[in-house]
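# Per-entry structural report
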Amino acid sequence: MTNRKKWLTLGITVAMALSVLSSCGTYSDGSTLSDSGESASESGSSTASSGESSEGTSSGTGDTFTFIATQPNTLNMIQSQSNLDNYCFYLTQEMLFRPYDGVYTAEVVDDWEVDETNTVYTYHLKETNWSDGTPITADDFAYYLLAQLDPNMGSANASTLITNYGFLNAQAYYNGECDVSEVGIKALDDYTLQLTLEKPVADFDGTNINVYPLDADFVAEQGEALGGTPENYMCSGPYVLTDWTYGSSLTYEKNDQWLLADEQFQVQTLKMLEASDMNTSVSMFESGEVDMILTVDNDYLDILPEDCLQYFPFNAIKAVQFNTLGQGDAEKAALLSNENFRYALSYALNREAIVAAVSPTDTPINRYMIAPMTGNTPESLFEDDYPVESVPLSGDADQAKTYLQAALDELGYTSVDELPELSYLTFENDNYRLMAETLVDQWNQVLGLDNISIELKPIPDAIQSMMSYQYDLYYTSLGGGTAPSTFLNYWITGGSANDVAANGTNIFSNADYDALVSEATSTMDRETRMGLYAQAEQILIDEGPLVMISTSGIYSAVADYVDGFMYNSNDNAIELNYLTVNK
Amino acid sequence: MSEHLLEVKDLKVSFDTYAGEVKAVRGVSFYLDGGETLAIVGESGCGKSVTIQTVMRLNPEPPARIVGGSILYKGEELTSKTDKEMRSYRGKEFSMIFQDAMTSLNPVVRIGKQMCEAIRIHEKVSHEEAKRRAIEMLGKVGLSNPETVYRRYPHTMSGGQRQRVMIAMALCCHPSILMADEPTTALDVTTQAQILELMQDIQRETGCGIILITHNLGVVARMAERVAVMYAGQIVEKGKLSDIFYHPKHPYTWGLLGSMPDMQERSDSRLTAIPGSPPDLFAPPKGCGFAARCPYCMEICLQSDPEESPVGEGHTARCWLLNPYAAACRPVPPVGRDKQLVTPEVAGYLERKGVTQDGQ
Amino acid sequence: MVCKELIPLKKYILQRLVISVITLWLIVTVCFFLLRLLPGNPFASTTIMTQETLDRMMAYYGLDQPLWKQYLTYMGNLLQGNFGYSLKYAGRSVNYVIASTFPVSAQLGFQALVFGIPVGLLLGILAAKFRGRAMDAGINVFVIICTAVPTFIIAALLQFVLGLKLGLFPVAQWKSFSYTILPTLCLSLGTISGYARSMRTLMLEVDRQDYLKTAKAKGLGNARIVIFHQIRNAIIPMITNLGTEIAGMLMGSYVIEKIFSIPGMGAYFVDSIQGLDYTMVMGLVIFQAVIVIVANFIVDLLYGIIDPRIRVA
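Residues numbered from 1 in each chain as written. Chains lettered and ligands numbered in written order. Predicted model: local features only at pLDDT ≥ 70, side-chain atom pairs only at ≥ 80, totals over all residues. Heavy atoms only, no water.

### Let's talk about the overall build of chain A
Here is the rule: Here a strand is any run of E in DSSP of at least two residues, a helix any run of H or I of at least four, and the numbering for each starts at the N terminus. The buried label applies to any residue whose accessible area, calculated with a 1.4 Å probe on protein chains only, is under 20% of its type's maximum; exposed applies above 50%, and partly exposed to all values in between. Any two residues whose heavy atoms approach within 4.5 Å at even a single point are treated as in contact. Reported accessibility uses the Shrake-Rupley method at a 1.4 Å probe radius. Residues are deemed covered only where the shown protein chains occlude them.
Counting secondary structure elements, chain A contains 19 helices and 23 strands. Buried residues in chain A amount to 58% of all 583 residues. The long-range fraction of contacts in chain A, counting pairs at least 24 apart against all pairs at least 6 apart in sequence, stands at 68%. Carbon and sulfur atoms make up 48% of the accessible area of chain A, which amounts to about 22,600 Å² in all.

Put into structure tokens, the structure is as follows:
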């Protein structure tokens, strides 16, 4: 009896001791030295009071930049779907052309030419290496694109690549109808890459494409583990990813091998800390532990000093989408496709007031082609070159009522009470719910509508419902892209936002619109093309199944000793190319 | 100076509760000599446990409070002692055996450990010595395999065995006074007899005084030399066995004797319960505590509490009926004088001890 | 003697093992199918994905197969100890996620328990011993505050006062022991208040037990009575929940880990179920189940040591 007791007690003590021991190694210093950092950890407590702020200041020479942003989902470049991942690719990979604030500049490309048909682009590459010193060849760049088109690689990016660039036989390859050798993405030799398009793509000027290198052998060797940790990821760019602690931090060390190492990305070490609780982030910013917060929540804009906030527009468009099919209910369909009803809802909204109150980091909109979309020249803004006729940003209540009356008359209702019940589908999330409540309330106040109810669903659930057309109104957010074609293409017949199920069920179909977009995307002359886009945009504004609300933007908090910080949502990158930390 | 081993004089104990002061013991006096057994009888809640626990100062203070009186042990006043000073008396000078040995032994501590603890708290002996003594004691109380018992847990033993353990534990430090609070109530009849026999043997051997709390008059007759009958926080009658069983003077004692079940004459059982219930001790009546239930209640009984009056040598009772004037206004009832209240079982015990009607 | 008692113990362990395996299998199976009943799919995100792409993705991950086939595949992998890869975070194996985040959460939880349980018990004991007095009232107020004020508020307050204003501890991150102090403190508040409250009640219950009177009658001092006789008995009922409690604490706290930027498991529990990351959810559920089962088993054995009445043998 006593024997057993001692035995058990011993066992439990050992187990506890072991767990203590094993847990000693859980700290993530985030630096490469973390494993040998026993003494550093030990001294951590004694220097806590004064030492922590010097954690940041240890970069007195400006060689460390610590910032808070959200971690990537994956570093698997084939399966990646998130701009968060691209932030990391941008910092750790070479590119054929590197965008900076919307402008692409040749990096690995030494020289390139396009044939007279505007379909064959030939790039001559510089000799470059992976961070481990092995050479990078044209095959690696080609493989990056081909792998995303490979139907067996689990990539979700094929359709975007096909729509935006239309590489020869890309669709057929993705459908499994032809061999990879027939696709218009080819390495002619180690340092020559050729891209062949099926037809000219006007918005593609030969440079505005993100191409990173990807080693096919490495991908094959890694299998499912690809991109899960720094060990399963190859770097070639300005920085080498040295540590990734899930949920905590990523550490990047400058790669002196990189082509432009002497000119750009001069900061030696980047530490990206996971954006967790905003209160914590702000505290860390205020205590000097971090130099930048990429995205500051609405609630904290007033707390932080104004001169440290920088605004960067985001190119996503937020709008209320109408299911003109009415979920098979003819009465609903008639109402939801009624132009005057949609105008009524649109004019009833004071977008300026709503956005200021509900989502202050957004900007209210009354059109789709908004800054920083460029217009007739790369320097001019589309919205300046082509004004549109649309609803005033502050709304127009009287006009809204007129439209509503017109709609009622057309549909044969005598009062709003007879309108069928509509459900407004949105995400089960505070921001989305608040927006929904505000919009529904305005419609009720201005138009007296009380037939719209809010339906909150978890994100995957809501998206599934949307994709199976089980909604009346849906609050959508669509990436605006770098060229007008991105957004306009969503709404052509068979477009990806229009015919979400890809089965011919469109919620919007307009032959003129389709023709304009189609013509524009193949018109090589920039000014003519922009003119056509503008016409298409006007049709979408007038007849599209959308009530646009706002475009988002982010406020970043940047410490005053940091210069040259840039974020560009079109480039999908945190651009630290010319960053200096002058502490 | 008292010549008795223990002398309690006019002890008053109250409990301070949220609802008010409970006057649990209201002026109790008794004494105990070495080698003798005093039985305190009375129904539940009459204050008998509180009384002896006060002697050991076991009641948590607060809420318990000694309001008045004195407790002299070997001539020393105990009521003014601090809790710390009392510790050297508890277990060493007085020991206590409780009613339910199951709940009175710590369920998660081995028997041996609980016993050694008691020894080593009072005597500076080695662990081995304490163990040797504990095992010897366990053997002495009639437990077979004392070495095994030493290492057992309470729950692995029967009620009788546990009570033997309790007694062994109580006797570890050879106390002068053993207090037993209904030690056999939770046991079956056979075991009861064995335990009582054990206590008698021990008394013979060690010469300790025993205060026995019980409501079993059979046990009283068997064990005690003297009896104190308690009711509502007071001793209403006390005296030698013969006084109480053959010449009871207090109506409550009559009732108590009358309500005792007769084991041998089951068919002709004279179980007469005392009607009513004891008074509320939050606000004790200003008269006699038993007045409300007393069939012989007089006007005076409701007005004033009777004094303790001697009715024989060492025999006292608190009752107005004993007042010389009472006889004048009301004849003393015949009960107790003519009627035989003692059951054959009790009579048997008394006879064996040589206690007769005529006193002794 | 030893042998005699070890044989039933071995048998008992074996029995528990069989029951545990069956329990685990049931959990895996029920969880697997329930998860698939949830509406939505792991690939739905805020970005638009066409049905065609979605179908491709489903096919790539084998989610287009009949459910029973997927189940068999999953069980096959599971038997080899392979939880598979996350559907949401490509390249992140569930095993790796658990291996890299569990030690962190476990350390935090362990520290919180090691700190919280004794402090909670002590407060409970003090409250019971000084029942009705200022000490009791003070502890009671503390317990109510700990229970009623949400953790994130307490955490933010501690961060502000101890971290930002006094500079005693770092505000967030997980780099050395000093970084663990604030989150440990926050996490342990729940444990402290829970244990303080239960311990007070249990101590008062035990207070009335006869064996304490016996102990006092033996002439023991107050301290010895409380420590040796009262606490040990009062603690017994608390052990019942200890297993689940330990397991829960080791699994990490979503809120605390988020607030203090701790790379623990907590976030995965919430994110994976929200994002319908099937493999991740399954892996975490199974892992947690194992931990709970093991913790309960250890606690049951412990129970026997502390309370001889329910010894297994």
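### Quick look at the overall build of chain C
Of regular secondary structure, chain C possesses 12 helices and zero strands. Across chain C, helices and strands are ordered from the amino to the carboxyl terminus as α-α-α-α-α-α-α-α-α-α-α-α. Here the C-alpha coordinates of chain C stretch approximately 85 × 60 × 30 Å along the principal axes. When each of the 313 residues of chain C is scored for burial, the buried share is 53%. Of the contacts made within chain C by residues no fewer than 6 positions apart, 73% connect residues no fewer than 24 positions apart.

### Quick word on the sheet that holds strand 8 (residues 209-214) of chain B
Within a sheet, neighbouring strands are paired by backbone hydrogen bonds and run either parallel or antiparallel to one another. Residues and elements named next belong to chain B. Just so we agree on the cut-off: Strands were regarded as paired on the criterion that DSSP finds at least two bridges between them. As a rule, the C-alpha atoms of each element are fitted with a line to give its axis, helices using only the stretch in contact, and angles between N-to-C directions run from 0 to 180 degrees.
Pairing in this open sheet of eight strands is mixed, and the strands run 6-7-8-3-9-10-12-11 from one edge to the other. At either end of the open sheet lies a strand with only one pairing partner, and these are strand 6 (94-97) and strand 11 (308-312). For this sheet the average axis-to-axis angle between neighbouring strands, irrespective of direction, equals 20°. Relative to strand 9 (residues 226-231), strand 3 (residues 37-41) is paired through four bridges, and the arrangement is parallel. Residue Ala 39 lies in a different strand from strand 9, and its bridge partner there is Val 227. Docked against the sheet, helix 11 (residues 251-258) engages strand 3, strand 9 and strand 10 (234-240), running at close to 105° with respect to strand 9.

### Brief notes about the layout of surface pockets
Here is the rule we go by: Any residue with an atom within 4 Å of a point lines the site, the site being either a cavity, points on a 1 Å grid over the protein atoms alone where a 1.4 Å probe fits but cannot get out, or a pocket, an open set with protein on both sides within 12 Å along at least 5 of 7 lines. Grid points are joined across faces, edges and corners, and a volume is the space filled by probe spheres set on the points. The nonpolar class holds Ala, Val, Leu, Ile, Met, Phe, Trp, Tyr, Cys and Pro. Asp, Glu, Lys and Arg form the charged class, and all remaining residues, Gly among them, are polar.
The computed volume of the second largest pocket comes to approximately 1,400 Å³. Forming the boundary of the second largest pocket are 33 residues, of which Pro60(B), Pro62(B), Pro63(B), Lys129(C) and Asp207(C) lie nearest the centre. When contributions to the lining of the second largest pocket are tallied by element, the ones reaching two or more residues are strand 1 (6-17) of chain B together with helix 4 (94-129), helix 7 (177-207), helix 8 (210-217) and helix 9 (222-250) of chain C. Examining the composition of the lining of the second largest pocket, we find that five residues originate from one element, helix 9 of chain C, more than from any other. For the lining of the second largest pocket, the per-class residue count stands at 13 nonpolar, seven polar and 13 charged.

### Examining the sheet that holds strand 4 (residues 64-73) of chain B
Residue and element names in this part refer to chain B. Read from one edge to the other, the open sheet built from four strands follows the order 2-1-4-5, with strand pairing classed as antiparallel. This sheet does not close on itself; its edge strands, each paired only once, are strand 2 (20-32) and strand 5 (76-77). In this structure, strand 4 lies alongside strand 5, joined through two bridges in antiparallel fashion. Note that in strand 5 the partner of Leu 72 across the bridge is Glu 77.

### Describing the domain arrangement of chain A
All names here are of chain A. For clarity, the cut-off: For the domain bounds, the source is a domain assignment made automatically or taken from a database. Each of two parts loses accessible area, computed with a 1.4 Å probe, when they are put together; buried area is these two losses added. When a carboxyl oxygen of Asp or Glu lies within 4 Å of a side-chain nitrogen of Lys or Arg, that pair is called a salt bridge.
Segmenting chain A into domains produces domain 1 (97-219) and domain 2 (315-553). The distance between the C-alpha centroids of domain 1 and domain 2 comes to 34 Å. Listed per partner, the contact involves six residues of domain 1 and 10 residues of domain 2. Together domain 1 and domain 2 conceal approximately 650 Å² of surface at their shared face, both sides included; 52% is due to carbon and sulfur atoms. By the criterion of area lost to domain 2, the three top residues of domain 1 are Pro 200, Ala 202 and Asp 203, representing 67% of everything that side buries. Counting across the interface, domain 1 meets domain 2 through one salt bridge.

### What about unusual backbone geometry?
Negative phi characterises most residues that are not glycine, and trans characterises most peptide bonds. Even without being glycine, Asn169(A) reaches a positive phi, approximately 60°. Residue class for Asn169(A) comes out partly exposed when judged on its relative accessible area of 24%.

### Some remarks on a negative patch on the surface
Going by this rule: What goes into a patch is any residue over 30% in relative accessible area without a salt bridge, connected to like charges within 9 Å or, for nonpolar side chains (Val, Leu, Ile, Met, Phe, Trp, Tyr), within 5 Å. For the purpose of counting charges, residues Lys and Arg are taken to be positive, whereas Asp and Glu are taken to be negative. His and the chain ends are not included. Where a charge sits is defined by one atom per residue type, namely NZ (Lys), CZ (Arg), CG (Asp) or CD (Glu).
Together, Asp297(A), Asp299(A), Asp302(A), Glu306(A), Asp307(A) and Asp560(A) give the surface a local cluster of negative charge. As for its position among the elements, Glu306(A) is in the loop between strand 13 (292-293) and strand 14 (309-322).

### Things to note about the nonpolar core
The cut-off we apply is this: The term nonpolar core refers to a set of buried residues drawn from Ala, Val, Leu, Ile, Met, Phe, Trp, Tyr and Cys, joined through side-chain atoms within 4.5 Å.
Residues Phe167(A), Tyr424(A), Trp443(A), Trp491(A) and Phe565(A) are the most contacted members of the largest nonpolar core, which totals 227 residues. When residues are assigned to domains, this core turns out to be shared by domain 1 (97-219) and domain 2 (315-553) of chain A, each giving three or more. Residues contacting Trp491(A), with those up to four places away along its chain left out, are Gln321(A), Leu478(A), Ala497(A), Asn498(A), Ile507(A), Phe508(A), Tyr513(A), Asp514(A), Leu540(A), Pro545(A) and Leu546(A). Within the second largest apolar cluster, 114 residues are counted, among which are Leu58(B), Cys173(B), Val236(B) and Cys288(B).

### Notes on the confidence of the model for chain C
Quick reminder of the rule: The score called pLDDT rates the predictor's confidence residue by residue, from a low of 0 to a high of 100.
For chain C, the mean per-residue pLDDT works out to 86, and 95% of the residues sit at or above 70. The complex prediction reports pTM at 0.77, with the ipTM value standing at 0.82.

### A word on the pairing of strand 1 (residues 64-69) of chain A
Of all six residues in strand 1 of chain A, six are buried; the element is thus mostly enclosed. Covered by surrounding structure in strand 1 of chain A are Thr64(A), Thr66(A) and Ile68(A) together with Phe65(A), Phe67(A) and Ala69(A), the residues of both alternating faces.

### Observations concerning the side chain of Ser423(A)
Residue and element names in this part refer to chain A. The cut-off we apply is this: Any N or O atom pair separated by 3.5 Å or less is treated as a polar contact, with the protein-specific requirement of one donor-capable and one acceptor-capable atom, and with residues adjacent in sequence counted only for side-chain atom pairs.
In this structure, Ser 423 sits in strand 16 (residues 422-427). Taking the relative accessible area as the measure of exposure, Ser 423 reaches 14% and is therefore buried. One polar contact links Ser 423 to Glu 455, side chain to side chain, over a distance of 3.4 Å.

### Re the packing of helix 5 (residues 134-148) of chain C against helix 7 of chain C
All names here are of chain C. To keep things clear, this is the line we draw: Between 65 and 115 degrees an angle is taken as roughly perpendicular, under 35 as roughly parallel, over 145 as roughly antiparallel, and anywhere else as oblique. Note on convention: the crossing is left-handed when the near helix lies turned anticlockwise from the far helix by less than a right angle, right-handed when the turn is clockwise.
As a packed pair, helix 5 and helix 7 sit with axes 9 Å apart at the nearest point and diverge in direction by 135°. Accordingly, the angle class assigned to the pair helix 5 and helix 7 is oblique. Handedness of the helix 5/helix 7 crossing: left-handed. Residues Asp 136, Phe 142, Val 143, Cys 146 and Thr 147 of helix 5 pack against Leu 189, Ile 192, Ser 193, Ala 196, Arg 197 and Arg 200 of helix 7. Across the contact of helix 5 with helix 7, the residue classes break down as six nonpolar, two polar and three charged.

### Some thoughts on the packing of aromatic side chains
How two aromatic rings sit relative to each other is given by the distance of their centres and the angle of their planes. Residues and elements named next belong to chain A. Using the following cut-off: Ring pairs are drawn from Phe, Tyr and Trp, using the six-membered ring of Trp, whenever the two centres fall within 6.5 Å, and their geometry is named by plane angle: stacked under 30 degrees, edge-to-face over 60, tilted for the rest.
Counting across every chain of the model gives 48 aromatic pairs over all chains. With 5.8 Å between their ring centres and 65° between their planes, Phe 89 and Tyr 212 make a pair best called edge-to-face. Of this pair, Phe 89 sits in helix 4 (residues 83-92) while Tyr 212 sits in the loop between strand 9 (192-196) and helix 8 (216-222); the two residues are 123 residues apart in sequence, bridging distant segments of the chain. Classification of Tyr 212 as buried rests on a relative accessible area of 0%. The interplanar angle of 50° and the centroid separation of 5.0 Å between the aromatic rings of Tyr 347 and Tyr 403 together place this pair among those described as tilted. Of the two residues, Tyr 347 sits in helix 11 (residues 339-347) while Tyr 403 sits in helix 14 (residues 397-411), which places them 56 residues apart along the sequence. By the burial criterion, Tyr 347 is buried, and Tyr 403 matches it.

### Considering the packing of helix 7 (residues 159-171) of chain B against helix 8 (residues 189-206) of chain B
Residue and element names in this part refer to chain B. At a minimum axis separation of 10 Å, helix 7 and helix 8 run at an interaxial angle of 15°. As the angle between them shows, helix 7 and helix 8 are arranged roughly parallel. At the point where helix 7 passes helix 8, the crossing takes the right-handed sense. Seen from helix 7, the contacting residues are Gly 160, Gln 163, Arg 164, Ile 167 and Leu 171; seen from helix 8, they are Thr 191, Gln 194, Ile 195, Leu 198, Met 199 and Ile 202. Grouping the constituent residues of the contact of helix 7 with helix 8 by class yields six nonpolar, four polar and one charged.

### Some remarks on the environment of Met153(A)
With respect to the secondary-structure elements, Met153(A) resides in the loop between helix 5 (138-149) and helix 6 (158-165). The class for Met153(A) is buried, based on a relative accessible area of 18%. When the C-alpha atoms of Met153(A) and Gln79(A) are compared, they prove to be 7.6 Å apart, with 74 residues separating the residues in sequence. Excluding its chain neighbours within four sequence positions, the residues that come into contact with Met153(A) are Ile78(A), Gln79(A), Tyr143(A), Ala147(A), Val219(A) and Tyr60(C).

### A look at the environment of Pro420(A)
Mapped onto the fold, Pro420(A) is located in the loop between helix 14 and strand 16. Between the C-alpha atoms of Pro420(A) and Thr64(A), which are 356 residues apart in sequence, the distance is 60 Å.

### Concerning helix 4 of chain A
Three or four residues apart is the spacing at which side chains of an α-helix point the same way, because the helix has 3.6 residues per turn. Residues and elements named next belong to chain A. In terms of burial, helix 4 is largely enclosed, as nine of its 10 residues are buried. Elements that come into contact with the buried residues of helix 4 comprise strand 2 (97-100), strand 10 (239-245), strand 11 (249-254), strand 12 (269-274), strand 21 (566-568) and strand 22 (573-575). Its side-chain oxygen 2.9 Å from the backbone nitrogen of Leu 84, Ser 82 forms the N-cap of helix 4.

### As for the pairing of strand 9 of chain A
Residue and element names in this part refer to chain A. Across the five residues that make up strand 9, a large majority, five, are buried. Residues of strand 9 alternate between two faces, with Thr 192, Gln 194 and Thr 196 on one and Leu 193 and Leu 195 on the opposite face, all of them buried. The sheet contact formed by strand 8 (residues 185-189) and strand 9 spans four bridges and is antiparallel. Residue Ile 185 lies in a different strand from strand 9, and its bridge partner there is Leu 195. Taking the residues between adjacent antiparallel strands as the criterion, strand 8 and strand 9 are bridged by two residues.

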